[in-house]
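Here's the letter readout for the chains.
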Amino acid sequence: MKQKPYLALDDVKRIAAAAEAEALKNQWAVSIAIVDDGGHLLWLQRLDGAAAISAQIAPAKAHTAALGRRESKVYEDMINQGRVSFLSAPGLSGLLEGGVPVMVDGFCVGAVGVSGVKSSEDAQIARAGIAALG
């Protein structure tokens, strides 16, 4: 039987702390979500001043990135390039930039989704969180 890595609670806390630090450094009020490889929520944090809707969007972006094993921006780009039928993909609602998969040894072990500022800045925060894993 094959074995694969997974996100432990310690890993989740490190990702969350680094993502929060990146957001605070830039004075960005966001929500940060971390999911496992099945898109199940492990962490949700809404920083002071973040819009309420961001706490819905961040987990959706993370879910999409985890299940697709690619950044959620890929789906946004597909739709923007005219493949609007992808909007009907079952179970995916975070089809916006800001969801980034966590890859370890070639395995997707989860994803980070961020919402609250420009999409590229959301992704920047997510990547900063993931970078904390080393």
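The notes below deal with the structure included here. (Residues numbered from 1 in each chain as written. Predicted model: local features only at pLDDT ≥ 70, side-chain atom pairs only at ≥ 80, totals over all residues. Heavy atoms only, no water.)

**A closer look at unusual backbone geometry**
- Unlike most non-glycine residues, Q27 shows phi in positive territory, near 60°.
- Relative to the elements of secondary structure, Q27 occurs in the loop between α1 (9-25) and β1 (31-36).
- Residues other than glycine seldom take positive phi values, yet R69 does so here, at roughly 55°.
- Tracing the chain through its elements places R69 in the loop between α2 (54-68) and α3 (73-80).
- Judged by relative accessible area, which is 59%, R69 ranks as exposed. (Helix = DSSP H or I, 4+ residues; strand = E, 2+ residues; numbered from the N terminus. Buried < 20%, exposed > 50% of the residue type's maximum accessible area, 1.4 Å probe, protein only.)

**Regarding the pattern of salt bridges**
- With the rule as written, the count across this model stands at six salt bridges.
- Note that E71 is salt-bridged to R127, the shortest N-O span being 2.9 Å. Of the two residues, E71 sits in the loop between α2 and α3 while R127 sits in helix α4 (residues 119-131), which places them 56 residues apart along the sequence.
- Take E71: its relative accessible area is 23%, and that puts it in the partly exposed class.
- Residues D77 and K73 are paired through a salt bridge, measuring 2.9 Å at the closest nitrogen-oxygen approach. (Salt bridge = Lys/Arg side-chain N within 4 Å of Asp/Glu carboxyl O.)

**Some details on the nonpolar core**
- Counting 19 residues, the largest nonpolar core has L7, V30, I34, V102, V112, V114 and I125 as the members making the most contacts within it.
- Broken down by secondary-structure element, the contributors of at least two residues to this core are α1, β1, β3 (99-104), β4 (107-115) and α4.
- Ranked by the residues each element gives to this core, the list is headed by α1, at five residues.
- Excluding anything up to four places from it in sequence, I34 contacts L7, V12, I15, A16, H40, L41, L42, W43, A111 and V112.
- The next biggest cluster of nonpolar side chains, apart from the first, holds seven residues, and it includes A33, A58, A65 and A66. (Core = buried A, V, L, I, M, F, W, Y, C linked by side-chain atoms within 4.5 Å. Contact = heavy atoms within 4.5 Å.)

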